[in-house]
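As a plain string of letters, each chain reads:
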Amino acid sequence: MDAVVRKIAPKKEENKNPGICASCKNLNFCTYPRNQSRPIMQCEEFLGFEPRTKQGKKVVSLRLYQAKTRKKEKELSQYKGLCRYCVNCEQCTLPRSEGGVWICDEYMDEE
Amino acid sequence: MELAIADKITQKPAIKRNVYENVTQQFNKASDLMDLDPDIRKILATTTNEIIVHFPAIMDNGRIEMFTGYRVQHNNVLGPYKGGLRYHPAVDIDEVRALATWMTWKCAIAGIPFGGAKGGIAFDPSKHSFGEMERITRRFTYALNGNIGPEYDIPAPDVNTNSQIMAWILDTYLSSVTPQERNRSIHIVTGKPIASGGSQGRDKATGQGTVFCIEQWAKDKNFDLNNATYMIQGFGNVGSWAAKLLKPFGSKLVAVEDHTGAISNPEGIDPDKLAIYVKERKGVHGYPAAEPVDHESFFKTKADIFIPAALENQITAETAPLLNVKLVAEGANGPTDIEGDGILQEKNIDLLPDILCNGGGVIVSYFEWLQNKRSESWELEEVDERLRKKVINAYKKVKNTSQEFNTDWRTGAYIVALSSIQEVYRTRGIFP
Ligand code: SF4
Ligand code: SF4
């Protein structure tokens, strides 16, 4: 019983809604007067997540992304089709056509 | 005089309301004044749909994390739901609900056939890689499923979401429809990159709308913008565009404040040069052709026009008495609180309220949607011309309504919005 009481006893008062400032890159040096009781919901100077948006950059698929983390991009670029994602790729001695391998019984996915 | 007003306010300690509470108070004031039908008031006080989805996404380390996403649809009596998607840790149902409601008023006042919505995911994007962001966005889109659609609910960029995120949503949505439907569905989101169906003029739209409003106000008042002085709070997208677009009128920018501090130069600050400086240094602080000033001195600057284009609750009981301007043109959302509003009225400072003055953004989003729907691509001049017509139309409606009801412009703007919604409900009735 005691233990239960202790468990639900005094909770630290916390600011439930810090607003958008909490994830703004300007936060550390922002000089705008702000008020804890009025969390900011909209700010024209909010600076946040900026993904690479280079025009024409191909969006990386999960599959390719995982493959990229295992192999260097340069090495990958010479393979087409299944080989690109195959864990045996680097050691594989099977003759592979230039156009890429699309059906292969030896293909092996990671794990 | 200024002190007397400040004293009056400070005698009764002001309740610090958040921005949505300010909006609710405005809604109530306008509803009372126009005698809004109590049944319609009941409908508008509630949201229509509130969708909460919990969905998994694969992290780079191969593990799965669960996320919570929201989409709140407030009202679609004027047209499909429309509103941004925001990614930040504090996103919750109350915030999204408030902003969705705000979108309904904004679209109604701008005279565009959209209703109000808002959504988001509660997480911190800075903790996630590019690949994770993509997978979270795509999986959220998939989880929302039929709750968004080009003729039903159209998301747009907001806090921490940009044209890249919109492109992922578009691609994911298109993958879920038949190939025959794909080209007919690219208006599922707005704020897309131009190459993927975005509109010309989107980046400057909000600043441009603000300047069109100021231009019209100057015409009405026989006020010459040539050599007029103005000050801007916020030199982000809205503030910098407004300044750049006021330059050809011969108006003089005399003070600027942003998140790095405030600067002033009574001889004038060149907006183009300042924009280049800000791009390099990430703020106005240290700009060599102006003097640094503190927050209070910035508000005390003598100028003809003040454009708050940064954040909420900046013109308050503390700062409104300091202002020495003829017009406040609200480029930001909710920059004036209730007390600040009262002081501006007592000081006879004209006000172009946010839901009128910064509507340019949502209007050009509507143009993007319309171009996609019609398989058209408009030149910048055409976008600008159509935007001008829409903004001036809205301006005139607000002006006439404020005169008719003998009220301030903010209340007038709300009455315009509520009247157009009320009219539709009256003619359509309620099913069954
Ligand atoms: S720039 Fe705006 S969002 Fe960022 S910390 Fe300052 S007030 Fe908050
Ligand atoms: S085993 Fe088959 S799929 Fe794998 S690398 Fe060799 S040829 Fe390619």
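Values in this document were obtained by computation on a predicted structure and should not be read as measured data.

Cut-offs used in this document
Residues numbered from 1 in each chain as written. Chains lettered and ligands numbered in written order. Predicted model: local features only at pLDDT ≥ 70, side-chain atom pairs only at ≥ 80, totals over all residues. Heavy atoms only, no water. Near = heavy atom within 4 Å. Nonpolar A, V, L, I, M, F, W, Y, C, P; charged D, E, K, R; others polar. Contact = heavy atoms within 4.5 Å. Buried area = accessible area lost by both parts, 1.4 Å probe. Salt bridge = Lys/Arg side-chain N within 4 Å of Asp/Glu carboxyl O. Polar contact = N/O pair within 3.5 Å; in protein donor to acceptor, adjacent residues only side chain to side chain. Buried < 20%, exposed > 50% of the residue type's maximum accessible area, 1.4 Å probe, protein only. Helix = DSSP H or I, 4+ residues; strand = E, 2+ residues; numbered from the N terminus. Axes fitted to C-alpha atoms, helices over the stretch in contact; angles between N-to-C directions. Parallel < 35°, antiparallel > 145°, perpendicular 65-115°, else oblique. Left-handed = near helix turned anticlockwise from the far one by under 90°.

## Let's talk about the site of ligand 2
Phase 1 of the analysis: Every residue lining ligand 2 is accounted for by A:Cys83, A:Cys86, A:Cys89, A:Cys92, A:Leu94, A:Arg96, A:Cys104, A:Glu106 and A:Tyr107.
Phase 2 of the analysis: For the shell around ligand 2, the per-class residue count stands at seven nonpolar, no polar and two charged.

## Quick look at the interface of chain A and chain B
Often, the extent of an interface is quoted as the loss of accessible area upon association of its parts.
Phase 1 of the analysis: Contact with chain A, which involves 33 residues of that partner, is made by 49 residues of chain B.
Phase 2 of the analysis: With both sides pooled, the region where chain A packs onto chain B buries about 3,700 Å², and carbon together with sulfur makes up 58% of that total.
Phase 3 of the analysis: There are one salt bridge connecting chain A and chain B.
Phase 4 of the analysis: Among the salt bridges present, the one from B:Asp337 reaches A:Arg38, with a minimum N-O distance of 2.8 Å.
Phase 5 of the analysis: Inspection of the region where chain A meets chain B yields 12 residue pairs in polar contact (both at pLDDT 80 or more).
Phase 6 of the analysis: Among the residues making up the side of chain A that touches chain B, the classes are represented as 17 nonpolar, 11 polar and five charged.

## Looking at helix H9 (residues 237-246) of chain B
Residue and element names in this part refer to chain B.
Phase 1 of the analysis: Burial analysis of H9 places seven of its 10 residues in the buried class, which makes it a mostly covered element.
Phase 2 of the analysis: Among all positions in H9, only Val238, Gly239, Ser240, Ala242, Ala243, Leu245 and Leu246 are buried.
Phase 3 of the analysis: Check the buried side of H9 and you find it contacts helix H8 (205-221), strand E6 (229-233), strand E7 (252-258), helix H10 (271-281) and strand E10 (305-308).

## Regarding the packing of H8(B) against helix H15 (residues 380-404) of chain B
All names here are of chain B.
Phase 1 of the analysis: Packing of H8 against H15 brings their axes to within 9 Å, and their N-to-C directions diverge by 50°. As summarised for this structure, H8 and H15 are arranged oblique, according to the angle between their axes. By crossing handedness, the relation of H8 to H15 is classed as right-handed. Every residue of H15 that contacts H8 at Ala205, Gln208, Gly209, Phe212, Cys213, Glu215, Gln216, Trp217 and Asp220 is listed here: Asp384, Leu387, Arg388, Val391, Ile392, Tyr395, Lys396 and Lys399.

## Section: the site of ligand 1
Phase 1 of the analysis: In the vicinity of ligand 1, the contacting residues are A:Cys21, A:Cys24, A:Asn26, A:Leu27, A:Cys30, A:Arg34, A:Cys43, A:Glu45, A:Phe46, B:His259 and B:Leu311.
Phase 2 of the analysis: Near ligand 1, the surrounding residues are drawn from chains A and B.
Phase 3 of the analysis: For the shell around ligand 1, the class distribution of residues is seven nonpolar, two polar and two charged.

## A short note on the environment of B:Met59
All names here are of chain B.
Phase 1 of the analysis: Mapped onto the fold, Met59 is located in the loop between strand E1 (49-58) and strand E2 (64-75).
Phase 2 of the analysis: Each C-alpha atom of the pair Met59 and Phe405 lies 57 Å from the other, and the pair is 346 residues apart in sequence.
Phase 3 of the analysis: Excluding residues within four positions of it along the chain, Met59 makes contact with Glu65, Phe67, His128, Glu132, Arg135 and Ile136.

## A few points about the pattern of salt bridges
Residues and elements named next belong to chain B.
Phase 1 of the analysis: Taken as a whole and assessed by the stated rule, the structure comprises 31 salt bridges over all chains.
Phase 2 of the analysis: Residue Asp384 pairs with Lys204 through a salt bridge whose shortest N-O separation is 2.8 Å. One end of the pair, Asp384, is in helix H15; the other, Lys204, is in the loop between helix H7 (179-182) and H8, with 180 residues separating them in the sequence. Both residues of the pair, Asp384 and Lys204, belong to the buried class.

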